[in-house]
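Breakdown of the fold
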Amino acid sequence: MKAFLIIVLLFLSSVSSGFSQGVQKISKTELASILNNPTDKLHVINFWATWCSPCVSELPDFQKVVNESDRSKVEFLFISLDFPSDAEKKLAAFMKKNNYTFKVCLMTETDYNSWIDEVDPGWQGNIPATLFFNRARKIHHFVAESIDKPQLVQTIQNFL
Amino acid sequence: MKTRTIIVSLILSLFLFTEVQAQYKVGDAVSDFSLKNVDNKNVSLAQFASAKGFIVVFTCNSCPVAKKYESRVEQLDKDFSSKAYPVIAISSNDVKVNPGDSFEDMQKKAKSEAYTFPYLYDESQAVAKQFGATNTPHVFVLAKEGSKLVVKYIGAIDNNADDASAADKKYVEDAVNSLLDGKAPAITATKAIGCGIKWKKT
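Model, not experiment: these values are computed from the prediction.

A word on the overall build of chain B. Summing up its helical and strand segments, chain B has five helices and nine strands in all. The order of helices and strands in chain B, counted from the N terminus, is α-β-β-β-α-β-α-β-α-β-β-β-α-β. Looking at the 202 residues of chain B, the share that counts as buried comes to 40%. Considering only contacts in chain B between residues 6 or more positions apart, those separated by 24 or more positions represent 72%.

As structure tokens, this is what we get:
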């Protein structure tokens with residue numbers, strides 16, 4: 001009986017951890033289609049990783065701005081560049097621990113050179129980096145460094 | 001007279017600006033530098049009289065991507081220093097931002113990893129600015145052409161940071177092998193996700 005209970009518990013815990021580890025993924029092609037999205041809407045894409053301390057430091061401010069923004073006008077996406085070997089484990093736990101609700105996707109294309117230029121030709125691949133764009137209005141603004149909250153709010157305001 | 005002073009100062013400032021913000025491109029000639037190595041002795045490129053070129057790697061102790069590449073940088077030196085293309089590793093991070101990148105920590109790392117190449121401390125960050133390095137790791141392959149040292153490749157070591165065995169484009173290795181064969185590298189510039197160099201706050 002005891003053995004049976006242990007097996008049931010083990011099964012349940014494996015199922016639940018399986019759910020919590022579900023991390024949405026994004027391919028190079030999917031990123032390209034977002035970057036070329038012609039709808040008249042401001043997109044804010046933040047490139048980050050759990051291993052990048054300046055990236056992690058700016059996320060609380062980003063979460064606040066996501067909460068305060070009119071989502072019909074501005075769409076946020078957080079692309080994680082965590083290493084595929086440990087991302088499943090680290091990313092979901094990190095999001096949960098910090099109660100983050102913003103939309104995060106794990107980049108599956110690790111041949112970075114094949115897509116960095118599509119984000120911005122001047123980007124060397126250093127993170128944190130944030131792209132603000134609205135193809136319909138020909139807005140493209142790329143910041144390859146940390147952004148604080150006033151700067152983030154102001155940049156979004158400028159482009160709305 | 002006034003306009004003359006303005007013109008002169010403009011020219012001077014332009015000169016100073018280009019001096020500081022060199023930011024090399026492939027094909028540019030490199031100015032030598034002198035930086036303190038982990039053994040407390042200064043190292044400059046001119047000291048390597050028999051070198052045909054260099055694999056200059058801007059890296060650091062603390063960046064997880066740089067850590068992923070640590071053993072690959074060591075391997076590059078093992079493979080190419082005997083072929084007159086030694087590795088020169090340089091750390092330019094501001095210690096105030098990343099305390100783990102202090103000179104003492106660099107010394108510890110070089111000792112524990114038994115580095116076979118110089119690991120130089122770019123305390124003023126002038127050399128990183130001179131090269132236009134932005135990331136760790138960020139590689140510049142240089143080749144001697146007469147009395148000049150010319151940039152032949154700028155970018156990543158290979159195309160898979162996470163898993164060395166899965167990398168199928170070995171940019172630096174291929175570039176140096178081409179140069180050793182007397183050819184220009186097929187790929188001269190690449191980009192990769194990495195930590196930004198931690199600049200001093202001005």
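Once that is clear, we can look at the overall build of chain A. The number of helices and strands found in chain A is six helices and seven strands. In sequence order, chain A lays out its α and β elements as α-β-α-β-α-β-α-β-α-β-β-β-α. Within the span of chain A, comprising 160 residues, buried residues form 29% of the whole. Sequence-distant contacts in chain A: of pairs separated by 6 or more residues, those separated by 24 or more amount to 76%.

In this section: the nonpolar core. Residues Ile127 of chain A together with Ile55, Val56, Ala89, Val139, Val141 and Val172 of chain B are the most contacted members of the largest nonpolar core, which totals 83 residues. Tallying contributions element by element places helix 2 (residues 64-80) of chain B first for this core, with six residues.

On to the interface of chain A and chain B. Every contact between the two is made by 17 residues of chain A and, on the other side, 16 residues of chain B. At the level of secondary structure, the elements contributing two or more residues to the side of chain A that touches chain B comprise helix 4 (84-97), helix 5 (116-119) and strand 5 (126-127) of chain A. Split by residue class, the side of chain A that touches chain B holds eight nonpolar, six polar and three charged. Across two bridges, the pairing between strand 5 of chain A and strand 9 (residues 194-196) of chain B is parallel. Bridge pairing links Ile127 of chain A to Cys195 of chain B in strand 9 of chain B.

All names here are of chain A. With mixed pairing, the six strands of this open sheet are ordered in space as 1-4-3-2-6-7. Across the chains shown, the open sheet's two edge strands, defined by having one partner strand only, are strand 1 (25-26) and strand 7 (139-143). Alignment of strand 6 (residues 129-134) against strand 7, held across five bridges, turns out to be antiparallel. The partner of Thr130 across the bridge, within strand 7, is Val143.

The subject of this paragraph is the packing of helix 3 (residues 53-68) of chain A against helix 6 (residues 149-159) of chain A. Residues and elements named next belong to chain A. It is the contact of helix 3 with helix 6, at a shortest axis distance of 9 Å, that shows an interaxial angle of 35 degrees. The element helix 3 and its partner helix 6 pack so that their crossing is right-handed. Together, Asp61, Phe62, Lys64 and Val65 of helix 3 and Lys149, Leu152 and Val153 of helix 6 make up the contact between the two elements. Taken together, the residues of the contact of helix 3 with helix 6 sort by class into four nonpolar, no polar and three charged.

Right, let's get into the sheet that holds strand 7 (residues 138-145) of chain B. In a beta sheet, neighbouring strands are held together by backbone hydrogen bonds and run either parallel or antiparallel to one another. All names here are of chain B. In space, the seven strands of this open sheet follow the order 2-1-5-4-3-7-8, with mixed pairing throughout. At either end of the open sheet lies a strand with only one pairing partner, and these are strand 2 (42-44) and strand 8 (148-155). Ignoring strand direction, the axes of neighbouring strands in this sheet form an average angle of 35 degrees. Pairing of strand 1 (residues 34-37) with strand 5 (residues 119-121) involves two bridges; the strand directions are antiparallel. Looking at strand 5, one finds that Lys36 is bridged to Tyr121. The strands touched by helix 2 within the sheet are strand 3 (53-59) and strand 4 (87-91), with strand 3 carrying the most contacts at an inclination of about 165 degrees. Running over the sheet, helix 5 (residues 171-180) touches strand 3, strand 7 and strand 8 and is turned about 150 degrees from strand 8.

All names here are of chain B. For helix 5, every residue scored as buried is listed here: Tyr171, Val172, Ala175, Val176 and Leu179. Considered in projection along helix 5, the buried side chains sweep an arc of 120 degrees and stay on one side of the axis. Elements that come into contact with the buried residues of helix 5 comprise strand 3, helix 2, strand 7 and strand 8. Note on helix 5: the residue one or two positions beyond its end, Gly182, has a positive phi of about 80 degrees.

We now examine the environment of Lys52 of chain B. Residue and element names in this part refer to chain B. Note on placement: Lys52 falls in the loop between strand 2 and strand 3. Measuring from C-alpha to C-alpha, the distance between Lys52 and Val95 comes to 33 Å, with 43 residues separating the pair along the chain. Setting aside its immediate chain neighbours within four residues, Lys52 contacts Ala84, Tyr85, Ala143 and Lys144.

Of the residues in chain A, 86% reach a pLDDT of 70 or more, and the chain-wide mean stands at 89. Counting interchain partners and residues more than four positions distant, the pLDDT-below-50 stretch residues 9-21 of chain A has five contacts.

With that settled, consider unusual backbone geometry. Each neighbour pair has its own omega, and for Ile127 of chain A with Pro128 of chain A the value is 10 degrees, a cis peptide bond. Within the secondary structure layout, Pro128 of chain A lies in the loop between strand 5 and strand 6. Following Thr136 of chain B, the chain continues into Pro137 of chain B via a peptide bond in cis, with omega recorded as -10 degrees. Mapping Pro137 of chain B onto the fold places it in the loop between strand 6 (135-136) and strand 7. For Lys138 of chain A, which is not a glycine, the phi torsion comes out positive at approximately 55 degrees. Even without being glycine, Ala84 of chain B reaches a positive phi, approximately 70 degrees. Mapped onto the elements, Ala84 of chain B comes out in the loop between helix 2 and strand 4. C-beta crowding within 10 Å serves as the criterion here: with 15 such atoms nearby, Ala84 of chain B is assigned to the partly exposed category.

Rules used in this analysis
Residues numbered from 1 in each chain as written. Chains lettered and ligands numbered in written order. Predicted model: local features only at pLDDT ≥ 70, side-chain atom pairs only at ≥ 80, totals over all residues. Helix = DSSP H or I, 4+ residues; strand = E, 2+ residues; numbered from the N terminus. Buried ≥ 20, exposed ≤ 12 C-beta atoms within 10 Å, placed from the backbone. Contact = placed C-beta atoms within 7 Å. Core = buried A, V, L, I, M, F, W, Y, C linked by C-beta atoms within 7 Å. Nonpolar A, V, L, I, M, F, W, Y, C, P; charged D, E, K, R; others polar. Pairing = 2+ DSSP bridges. Axes fitted to C-alpha atoms, helices over the stretch in contact; angles between N-to-C directions. Left-handed = near helix turned anticlockwise from the far one by under 90°. Arc of directions from axis to C-beta. pLDDT = per-residue confidence, 0-100.

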